[in-house]
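Listed here are the chains, written in short residue letters.
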Amino acid sequence: MVKLKWQKWLLLFFCIFLSLCLFTGCAQTQTGQTSADTRTVTDQAGREVVIPAEVNRIVTTWRPCTFLVFAVGGQEKLVGVDNGSTTAPFTVGVYPEIKNVTKVGDKKSGINVEAVVATKPDVVCVWAEASKGGIIEQLETQGIPTLVIIPESAEEMKEATLLLGEVLGRTEQAKKIIDYYDNTIAMIKERLKDVPESERKRVYLAGAYGILSSCGSDFYQHYLIEQAGGINVAAELKGGWQSVSPEQLVAWDPDVIIADPYCTESMEDALKMDPALKALKAVKNNQLYSFPKIGQWSFPIPQSAMGILWLSKTLYPEHFEDLDIEKEVNNYYKEFFGVSYTELGGSDLDGRGI
Amino acid sequence: MGEESSRFKGSNKVALKIILAVAVLICAVVISFFIGRYRIEPMRLVQLLTTAPSNWLASSETSVFYYIRLPRIILAVLVGAALSTAGALFQGVFRNPLVSPDILGVSAGCCLGAALGIVLSRYISIPYLVQILAFIFGILAMILSYSIASISRGEPVVMLILAGMIVGSFANAALSFIKFTADPYEELPAIVFWIMGGLYRANWYMVLNILVILIPSMLLIILLSWKVNVLSLGDEEASSLGINTRCFRLVLLGFGTLIVASCVSVSGSIGWVGLVIPHAARIIVGPDHKYSIPMSMLIGGAFVVLMDNIARSLISAEIPISILTAAIGTPFFAYLLIKGRGSAWR
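Residues numbered from 1 in each chain as written. Chains lettered and ligands numbered in written order. Predicted model: local features only at pLDDT ≥ 70, side-chain atom pairs only at ≥ 80, totals over all residues. Heavy atoms only, no water.

**What to know about the overall build of chain A**
Convention followed: Secondary structure is summarised from DSSP: a helix means a run of H or I of at least four residues, a strand means a run of E of at least two, and numbering begins at the N terminus for each. By the convention used here, residues are in contact when the closest approach between their heavy atoms is within 4.5 Å. Each accessible area value is a Shrake-Rupley result obtained with a 1.4 Å probe; residue values ignore everything except the protein chains displayed when judging cover.
For chain A, the helix and strand inventory stands at 13 helices and 15 strands. Taking contacts inside chain A between residues at least 6 apart in sequence as the whole, the part at least 24 apart equals 60%. Surface accessibility of chain A: about 15,000 Å² in total, with carbon and sulfur atoms responsible for 51%.

What follows is the structure, given as C-alpha cells:
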C-alpha cells in the first residue's frame, strides 16, 4: 500500500514535467523584426546578422575580443565583459569605468546567458566554438544579435578589428590602427632585409607552463617571432603550449630566450641555477628577456604591433639604434588610448621584467 | 503479529519522509523560478506563469523565463535526480558505498565522445554532434567494461570494477591525446570547458530528449529496486533466493548507464552528486533500496537545482557547478556522517 503511494507521487511528478515539456514543443520560434533602423553585417563565421543601425551596448565574452573593442575605441559602449577584463591593468588604466561593467563569464567557466540578457545588449560577441555550447542559439531565441569573432591569424585579426569598427561606428580608428600595424611590420621588414637567413636570431619563447614549455607554428606568438625577424626554434610543436624536455631545449640551443607574459617562472631560477641549462648559448650571453606584460602584446590584437616592434628591437638592437622604443610605445598608446604606456604602469620595456 | 505491526509503522514513517522530500523538491523548484540575474518582479512572475506557450516570446521577461530559466531548472532537477538514482543503484549493485555512477567508465567515455565531437565538428556539421557522440561513447564504455568482466573468470562484481577502471583509464588517455592534438584557440578550451560540466546549455530540445530516456529508465529502476536489495546480499545468497543475478545485474547496470550517459552528455560531468546523495538518502530512510533509491532521486533533484541556482545567480558570471556541489555537498555529508554515526551501513 505504501509502495503504491510514493509511486503515484512520482508518476504525477513526472507527468507534470512531461506535459510541461510537450507544451513547449508547440511554441513558435521568433520571427526577426526588420525595420528601417537595422543593418546587416557578415560575421567571421560567415553568418549574416541583423544588428541595430546604431550599436550603443555591446557585450564581449572573452578577453582578446574585449581588447579588440578597446583597439577600435569602443570601450565606452561595453555593458558586459569577460571576467578578467574588469581588473586587467590595461583596461582599467584606459577606461576606469570598466570596473563597474557586468562580468558575464568567459570561455573557461561559461557564459551566464541570463546575465547577458539582463545587460540589454544591442550586440554580443562570442567565440567560434560558442555555437556548440548552445550560447548563440540561446541568445538568438532572446532576439539578441550575436557576432562570431575569430581573431586567430593576423589576417583574421585585421578582419575582426574592421568588423568591430563597423559595428561600433568606429571604422576610422579601426582602419588607422590596422594601418599602423601594417606599417610597423613593413618598417621592420625593410630594416632587416639585409640580415641573411644564417644570421637570423633563433628564438625560444618560454610559455605559460613555465620555462620548459613553448608553442609551435599554430600560435599567434609564432607569427610575432617571425614578423620580428626571428626564427622560432619550437616551430615544429603543435597544439598551443606544450612541455619541452630540458634535453630538447639544449638540442635547440637558441640564441635568445624570451619569457611570454604568461610565464610566471623566474628565468634566473630556472635557467641560471640549473647546471644542465647554464651552458645554453642564450644563458651564457645573458640573452634572456621578459616580454612586456601590460598591454597583452602577444594576443592576436592590433596592439601586438608594439610586441613585434619590441621583439625586433630586442633581437636586433644594432638595426634599431635610432628607435626609442619607450617613446614609440608611449606615443602609440597616447594616440589610440589617450594614456601613455608608462602611465599604465608599464616599466618593463627593457625586457628585464617589472 | 507484533513484528508485523512495527514493520508497518516503520514503512509509514518512511512514506512520510518521502512525501516530505517531494514537498522539499517542489519548494526548491518554485524558489528557483524567482532566482536569476535577469530581474523579474516576483508578482509579475506569478502572472507570467500562466502565459500561453504561443506568447512565450512576446516579451523579454517571458522569453528569459521560459527559454533560459525554466529549461535550466528542469534540466537541473532531472540531472540531479538521475545521477543520484544511478549512484544509489550502483552502490547497491556493487555492494560498495564508495562507488559512484562513473564506476564503469561511463563518464570518461562520455568525455571522450564529447571531445571527439568538438574536434570532428570542424569537418562534419550535425546539430548536437557533441552530445550524441558523448552519449554513444558513454554506452560503449559500459558495454566494453561489461564484456571484459564477462570474459574474465573472476568474481563478477570485482571484475566489473576492475574492467570499469581499465576502460575509464583508457578513455582518459584517449581524451588526453585529443586534448594534446586539439587546436589551442578554440577546440582545447571548448573541451576543457565541456568536461568541467554545467547546466548553462539547457534548452527545451535537450530537456525533451533526455526526458524520453530518463523517465522510463528511472521508473524501471524504481520498480526493480527491491531486486537491488537481493543483489546486494551477494551473488551466492541471491542465487539461492532464485534470482538470476547475471541477468538482473546487467539490466540494472544497463539502465543506470543509460541515465548517466544521457545526463553527462548534456551537462558534462557534475561531481559528487552521485556519490553523496545516496548516502544522505540512506541516512534518512535506511538501507532498504526500495526507499533509498526514490529518496536519492528526490533529494538529488532538489540538491542540484539549489546548487545551480547559486551557480547562475550568485555573481553575474557563471560559477562551475562542480565546485559548488563539492564545496557545499561535502560539509553536508560530513554532518550527516557524524549525526548518523554510520548507522546506515548495517
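**Observations regarding the confidence of the model for chain A**
The following threshold applies: Known as pLDDT, the predictor's per-residue confidence is scaled from 0 to 100.
With 89% of its residues at a pLDDT of at least 70, chain A reaches an overall mean of 86. Counting contacts from residues 20-34 of chain A, a segment whose pLDDT is below 50, to residues more than four positions away or on other chains yields 21 contacts.

**A look at the nonpolar core**
For clarity, the threshold we go by: What is meant by a nonpolar core is a set of buried Ala, Val, Leu, Ile, Met, Phe, Trp, Tyr and Cys residues, joined one to another through side-chain atoms within 4.5 Å. We call a residue buried when its accessible area falls under 20% of the maximum for its residue type, exposed when it is over 50%, and partly exposed in between, using a 1.4 Å probe and counting protein chains only.
Core analysis: the largest hydrophobic core is formed by 206 residues, its most contacted members being A:Ile149, A:Tyr333 and B:Phe94. Among the elements that make up this core, the one with the highest residue count is helix 3 (residues 60-93) of chain B (21 residues). Beyond its immediate stretch of four places on either side in the chain, A:Tyr333 contacts A:Phe90, A:Gly295, A:Trp297, A:Gln303, A:Met306, A:Gly338, A:Val339, A:Ser340, A:Tyr341 and A:Leu344. Core analysis: the second largest hydrophobic core is formed by 20 residues, A:Ala234, A:Leu249, A:Cys263 and A:Leu288 among them.

**Comments concerning the sheet that holds strand 15 (residues 288-290) of chain A**
Residue and element names in this part refer to chain A. The line we're drawing: One requirement defines pairing of two strands: DSSP has to find at least two bridges between them.
What the 4 strands build is an open sheet, ordered 12-10-14-15; its pairing is parallel. Only two strands of the sheet have a single partner each, and these edge strands are strand 12 (231-232) and strand 15. One ladder, built from 4 bridges, connects strand 10 (residues 202-206) with strand 14 (residues 256-259); its direction is parallel. Bridge pairing in strand 14 links Leu 205 to Ile 258.

**Quick look at the sheet that holds strand 8 (residues 123-126) of chain A**
Residues and elements named next belong to chain A. With parallel pairing, the 5 strands of this open sheet are ordered in space as 5-4-3-8-9. Edge strands, defined here as strands with exactly one partner in the open sheet, are strand 5 (102-103) and strand 9 (146-148). As defined by bridge partners, strand 4 (residues 78-81) adjoins strand 5 across 2 bridges and the pair is classed as parallel. Its bridge partner lying in strand 5, Val 81 is registered against Lys 103.

**A closer look at the interface of chain A and chain B**
The criterion, for reference: Buried area: the accessible surface (1.4 Å probe) lost by two parts on joining, summed over both. The salt bridge criterion pairs a side-chain nitrogen of Lys or Arg with a carboxyl oxygen of Asp or Glu, the two atoms within 4 Å. Think of a polar contact as two N or O atoms within 3.5 Å of one another; within protein, one of them needs to be a possible hydrogen donor and the other a possible acceptor, and neighboring residues in sequence only count if both atoms come from side chains. Three categories are distinguished: nonpolar for Ala, Val, Leu, Ile, Met, Phe, Trp, Tyr, Cys and Pro, charged for Asp, Glu, Lys and Arg, and polar for the others, with Gly belonging to the last.
If you look at the interface, chain A gives 56 residues, while chain B gives 59 residues. Together, the buried faces of chain A and chain B total about 5,200 Å²; carbon and sulfur atoms form 68% of this surface. A salt bridge links A:Glu114 to B:Arg69, with the nearest nitrogen and oxygen atoms 2.7 Å apart. In this assembly, chain A and chain B are joined by 13 residue pairs in polar contact (both at pLDDT 80 or more). Elements supplying a minimum of two residues to the side of chain A that touches chain B: helix 1 (2-25), strand 5, strand 7 (110-111), helix 4 (113-118), helix 5 (135-141) and helix 8 (220-227) of chain A. The element that contributes the greatest number of residues to the side of chain A that touches chain B is helix 1 of chain A, accounting for 16 residues. Class assignment for the residues of the side of chain A that touches chain B results in 26 nonpolar, 19 polar and 11 charged.

**So, the environment of B:Val167**
All names here are of chain B. Within the secondary structure, Val 167 sits in helix 6 (residues 156-181). Accessibility expressed as a relative area gives 6% for Val 167, which makes it buried. Separated by 64 residues in the primary sequence, Val 167 and Ile 103 have C-alpha atoms spaced 9.7 Å apart. In this structure Val 167 touches Ala 141, Leu 144, Ser 145 and Ile 148, once residues within four positions along its chain are discounted.

**A few points about the packing of aromatic side chains**
Residue and element names in this part refer to chain A. We apply this condition: Two aromatic rings from Phe, Tyr or Trp, using only the six-membered ring of Trp, form a pair when their centres are within 6.5 Å; if the ring planes differ by under 30 degrees the pair is stacked, by over 60 it is edge-to-face, and anything between is tilted.
Per the counting criterion, the structure on display carries 27 aromatic pairs over all chains. Arranged with centres 6.2 Å apart and planes meeting at 40 degrees, the rings of Tyr 204 and Trp 252 form a pair that is tilted. Here Tyr 204 is found in strand 10, whereas its partner Trp 252 is found in helix 9 (residues 246-252), with 48 residues between them in sequence. Residue class for Trp 252 comes out buried when judged on its relative accessible area of 9%.

**Looking at the environment of A:Leu163**
All names here are of chain A. Among the structural elements, Leu 163 can be located in helix 6 (residues 154-167). Overall, Leu 163 belongs to the buried group, its relative accessible area being 7%. The spacing of Leu 163 and Ile 149 is 14 residues in sequence and 8.7 Å in space, taken between C-alpha atoms. With near-sequence residues (within four places) excluded, Leu 163 lies in contact with Val 41, Thr 42, Asp 43, Gln 44 and Ile 149.

**A few points about the pairing of strand 4 of chain A**
Residues and elements named next belong to chain A. In plain terms, the rule: The path from the first strand over the helix to the second decides the hand: if it runs clockwise while the strands point away from the viewer, the crossover is right-handed.
Pairing of strand 3 (residues 58-60) with strand 4 involves 2 bridges; the strand directions are parallel. Of the residues in strand 4, the one forming a bridge with Val 59 is Gly 80. Following the chain from strand 3 across helix 2 (residues 63-71) to the adjacent parallel strand 4, one finds a crossover that is right-handed. Handedness of the crossover is the feature at issue here: the chain leaves strand 4, passes through helix 3 (residues 89-94), returns alongside strand 5, and the resulting connection is right-handed.

**Description of the side chain of A:Thr119**
Residues and elements named next belong to chain A. Considering the arrangement of structural elements, one finds Thr 119 in the loop between helix 4 and strand 8. By relative accessible area, Thr 119 is classed as buried at 6%. Within the local environment of Thr 119, its side chain forms a polar contact with the backbone oxygen of Val 116, the two atoms lying 2.6 Å apart.

**With respect to the pattern of salt bridges**
Here the structure, examined in full by the defined rule, presents 19 salt bridges over all chains. The salt bridge partner of A:Glu343 is A:Lys334, with a shortest N-O separation of 3.6 Å. Between B:Arg312 and B:Asp308 there is a salt bridge whose closest N-O contact spans 4.0 Å. One end of the pair is B:Arg312 and the other is B:Asp308, both in helix 13 (residues 289-313) and 4 residues apart, which spans about a single turn. The buried category is assigned to B:Arg312, whose relative accessible area is 2%. Using a relative accessible area of 1% as the deciding quantity, one classes B:Asp308 as buried. Connected through shared salt-bridge partners, A:Glu114, B:Arg69, B:Arg72, B:Asp308, B:Arg312 and B:Glu318 make up one network.

**Concerning the pairing of strand 1 (residues 38-42) of chain A**
Residues and elements named next belong to chain A. Bridge count between strand 1 and strand 2 (residues 48-52): 5 bridges; the pairing is antiparallel. Opposite Thr 40, over in strand 2, you have Val 50 as the bridge partner. As consecutive antiparallel partners, strand 1 and strand 2 are separated by 5 residues, and within that stretch Gly 46 has a phi angle of approximately 80 degrees, a positive value.

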